[in-house]
Amino acid sequence: MAISLSKGQRVDLTKGKPSLKNLLVGLGWDVNAFDGADFDLDASAFLVGANGKCPSEKDFIFYGNLKHESGAVESMGDNRTGSGEGDDEQITVNLAKVPANIERIAFTCTIYDADKRGQNFGQVSNAFIRIVDQDTNEEVIRYDLGEDFSIETAIVVGELYRNNGEWKFNAIGSGFQGGLAALCGHYGIEVA
């Protein structure tokens with residue numbers, strides 16, 4: 001049974017389950033149906049070093065760079081509508097392949113063209129992140145974000161991080177204004 005997390009909660013992933021290696025990170029959401037406009041939410045992963053920044057642009061996994069060169073992190077592609085049940089976008093992580101200089105993998109969600117479309121996360125509901133052990137198909141953890149984002153166009157949902165040789169997960173749920181560009185700046189990626 002999955003551990004249900006609340007904002008700010010941290011949980012050990014590999015300490016009690018050393019066999020955990022292949023993760024499926026699923027992100028999902030529903031769009032409030034009051035305005036009829038299309039929402040395109042995008043899940044991304046930032047692989048960051050000890051300084052909290054991505055060592056290079058190749059350490060940013062998103063719809064324009066689906067797979068990390070190490071093979072450790074891969075986006076399963078862009079869902080442009082978010083319709084249907086379950087995960088809307090998925091990212092796989094092979095913990096054994098994460099390069100030694102990477103200390104954290106931050107999972108984020110942004111609204112594509114949010115400013116142009118006048119959209120924000122106040123118009124999105126039932127957002128969640130879940131981590132599944134791909135080898136057993138068991139949902140290990142789940143974090144439901146709640147409804148506390150009114151003007152934000154980007155969210156750091158949660159992060160995997162190394163601590164004393166073990167992998168842990170932190171449910172962050174921190175919003176940003178400025179969409180993907182703001183997140184890129186936060187993680188040290190230059191945006192054109």
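Residues numbered from 1 in each chain as written. Predicted model: local features only at pLDDT ≥ 70, side-chain atom pairs only at ≥ 80, totals over all residues. Heavy atoms only, no water.

Asks: How should the overall build of the chain be read in this particular structure?
Replies: A tally of regular secondary structure across the chain gives 2 helices and 12 strands. Moving toward the C terminus, one meets the helices and strands of the chain in the order β-β-β-β-β-β-β-β-α-β-β-β-β-α. C-alpha atoms of the chain, sized along the principal axes, occupy 45 × 40 × 25 Å. Burial status across the chain gives 49% buried among its 192 residues. Entry remark: accessible area of the chain is about 9000 Å², with carbon and sulfur atoms responsible for 46%. Each charge class in the chain was averaged separately, 17 positive and 29 negative side chains, and the resulting centres sit 7 Å apart. (Helix = DSSP H or I, 4+ residues; strand = E, 2+ residues; numbered from the N terminus. Buried < 20%, exposed > 50% of the residue type's maximum accessible area, 1.4 Å probe, protein only. Areas by Shrake-Rupley, 256 points an atom, 1.4 Å probe, with all protein chains shown as cover. Lys, Arg positive; Asp, Glu negative; His and termini not counted. Charge placed at Lys NZ, Arg CZ, Asp CG, Glu CD.)

Asks: How do you make sense of the sheet that holds strand β6 (residues 73–75) when you look at a structure like this?
Replies: Pairing between the strands of a sheet comes from backbone hydrogen bonds, and it takes one of two forms, parallel or antiparallel. The strand order across the open sheet formed by 6 strands is β1-β10-β9-β3-β7-β6, and the pairing between neighbours is mixed. The two strands at the open ends of the sheet, each matched to only one other strand, are β1 (3–5) and β6. Sheet twist, expressed as the mean angle between neighbouring strand axes with direction ignored, is 20°. Bridging between strand β9 (residues 124–133) and strand β10 (residues 138–144) involves 6 bridges; their strand directions are antiparallel. Across the sheet, R130 pairs through a bridge with R142, a residue of β10. (Pairing = 2+ DSSP bridges. Axes fitted to C-alpha atoms, helices over the stretch in contact; angles between N-to-C directions.)

Asks: I would appreciate a short explanation of the pattern of salt bridges in the present structure.
Replies: Note on pairing: side chains with opposite charge can pair once their charged atoms come close. Inspection of every chain in the model, using the stated rule, returns 10 salt bridges. In this structure, D12 engages K168 in a salt bridge whose closest nitrogen and oxygen atoms are separated by 3.4 Å. Taken together, the residues span a long stretch of sequence, with D12 in strand β2 (residues 10–12) and K168 in strand β12 (residues 166–176) at a distance of 156 residues. Between E139 and R130 there is a salt bridge, with the nearest N and O atoms lying 2.9 Å from each other. Of the residues examined, E139 reaches a relative accessible area of 22% and is grouped as partly exposed. Under the relative-accessibility criterion, R130 is labelled buried at 19%. Several salt bridges converge on common partners, so that one network encompasses D87, R130, E139, R142 and D144. (Salt bridge = Lys/Arg side-chain N within 4 Å of Asp/Glu carboxyl O.)

Asks: I'm lost on the packing of aromatic side chains in this one. Help?
Replies: Here the distance between the centres and the angle between the planes together describe a pair of aromatic rings. As enumerated under the stated definition, the model contains 5 aromatic pairs in all. Centroid distance F46 to Y187: 4.6 Å. Interplanar angle 25°. Geometry classified as stacked. Separated by 141 residues along the polypeptide, F46 in strand β4 (residues 41–48) and Y187 in the segment after α2 (179–186) bring together distant segments of the chain. In this structure F46 comes out as buried when scored by relative accessible area, which is 0%. (Phe/Tyr/Trp six-rings, centres within 6.5 Å; stacked < 30°, edge-to-face > 60°.)

Asks: Looking at this structure, how should I read unusual backbone geometry?
Replies: For residues besides glycine, phi is generally negative; the peptide bonds are generally trans as well. The backbone phi angle of D113 is positive, close to 55°, even though this residue is not glycine. Examined against the element boundaries, D113 turns out to sit in the loop between β8 (104–111) and α1 (114–117). Unlike most non-glycine residues, N126 shows phi in positive territory, near 55°. Tracing the sequence through the fold places N126 in strand β9. A residue is classified by how much of its surface remains accessible, and N126, at 47% relative accessible area, is partly exposed.

Asks: How do you make sense of the sheet that holds β8 when you look at a structure like this?
Replies: Strand order in the open sheet formed by 6 strands is β2-β12-β11-β8-β4-β5, and the pairing between neighbours is antiparallel. A single partner strand is all that each edge strand has here, and the edge strands are β2 and β5 (60–61).

Asks: Sorry, what's going on with empty space enclosed by the protein here?
Replies: Under the criterion given, the structure shown has 2 cavities of 30 Å³ or more. Considering only enclosed or pocket space, the largest cavity measures out at about 60 Å³ in volume. Residue lining of the largest cavity: L27, G28, W29, L41, C109, F121, V124, A127, F128, L145, I155 and V157, and that is the complete set. Only β3 (22–31), β9 and β11 (154–163) provide two or more residues apiece to the lining of the largest cavity. Its residues assigned to classes, the lining of the largest cavity shows 11 nonpolar, 1 polar and no charged. (1 Å grid on protein atoms, 1.4 Å probe; cavity = no way out; pocket = protein on both sides within 12 Å on 5 of 7 lines; lining within 4 Å. Points joined across faces, edges and corners; volume = space filled by probe spheres on them. Nonpolar A, V, L, I, M, F, W, Y, C, P; charged D, E, K, R; others polar.)

Asks: Help me out: how do you make sense of the nonpolar core in this one?
Replies: Taken as a class, soluble globular proteins show a tendency for nonpolar side chains to be buried jointly. Membership of the largest hydrophobic core comes to 42 residues, with the highest contact counts inside it found for V73, V93, I105, F107, L160 and F169. Ignoring sequence-local partners within four residues, the contact set of F107 consists of V25, S44, A45, I91, V93, I129, I155, V156, V157, G158, E159 and L160. Core analysis: the second largest hydrophobic core is formed by 14 residues, F60, V156, F176 and Y187 among them. (Core = buried A, V, L, I, M, F, W, Y, C linked by side-chain atoms within 4.5 Å. Contact = heavy atoms within 4.5 Å.)

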